[in-house]
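Coordinates in review
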Amino acid sequence: MRVNSTGLGATTMMADFEGFYTSQKDNKLKAQYQGKNGEYIIMGIEAVKPVHWTIRCALDGSDLRKLVMQALNPKVMFRILSILVRGTKLDRE
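None of these values were measured; they are calculated from a predicted model.

1. Focus: the pattern of salt bridges
- Considering all chains together, one arrives at one salt bridge under this definition.
- The closest approach of N and O atoms between Glu18 and Arg56, which form a salt bridge, is 2.7 Å. Residue Glu18 is found in strand 2 (residues 12-22), and its partner Arg56 is found in strand 4 (residues 53-59); the two are separated by 38 residues along the sequence.

Listed below in structure tokens is the structure:
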């Protein structure tokens, strides 16, 4: 995936999606992300170019609702299916 950050100016990072995790599986994540309101789903991203960073996003119920609602949007769903069928890959250069 391509990731842009305002902190890096016009630089575009290349990153890989690691996956979704629960904070129950990793004690370090549990200490960082277990809030008083319960557990979160952790989304992991690994930036590989031009820097090597591990990025973790803690998603709460509000974030997950937005994610699911956006994914269920017919236009977005059609685009996702189109990309999956065609096997589109990003330029890694």
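Here the narrative resumes, following the displayed structure.
2. Focus: the packing of aromatic side chains
- Under the criterion given, the structure shown has one aromatic pair.
- Ring geometry for Phe17 and Phe20: centres 5.3 Å apart, planes at 70°, overall edge-to-face.
- Phe17 gets classed as partly exposed once you look at its relative accessible area, which sits at 44%.
- Judged by its relative accessible area of 44%, Phe20 falls in the partly exposed class.

3. Details of the pairing of strand 3 (residues 41-49)
- Sheet analysis places strand 2 next to strand 3, joined by eight bridges and oriented antiparallel. Along strand 3, the bridge assignment pairs Met14 with Lys49.
- Pairing geometry for strand 3 and strand 4, over seven bridges, is antiparallel. Directly across from Ile42, in strand 4, lies its bridge partner Ala58.
- In this structure, the hairpin formed by strand 3 and strand 4 is closed by a connection of three residues.

4. Brief notes about the confidence of the model for the protein chain
- Per-residue pLDDT for the protein chain averages 82, and the proportion of residues at 70 or more is 80%.
- Looking at the elements of the protein chain, mean pLDDT is at its lowest for helix 1 (residues 27-33), recorded as 68, and at its highest for helix 2 (residues 61-71), recorded as 92.

Rules used throughout
Residues numbered from 1 in each chain as written. Predicted model: local features only at pLDDT ≥ 70, side-chain atom pairs only at ≥ 80, totals over all residues. Heavy atoms only, no water. Salt bridge = Lys/Arg side-chain N within 4 Å of Asp/Glu carboxyl O. Helix = DSSP H or I, 4+ residues; strand = E, 2+ residues; numbered from the N terminus. Phe/Tyr/Trp six-rings, centres within 6.5 Å; stacked < 30°, edge-to-face > 60°. Buried < 20%, exposed > 50% of the residue type's maximum accessible area, 1.4 Å probe, protein only. Pairing = 2+ DSSP bridges. pLDDT = per-residue confidence, 0-100.

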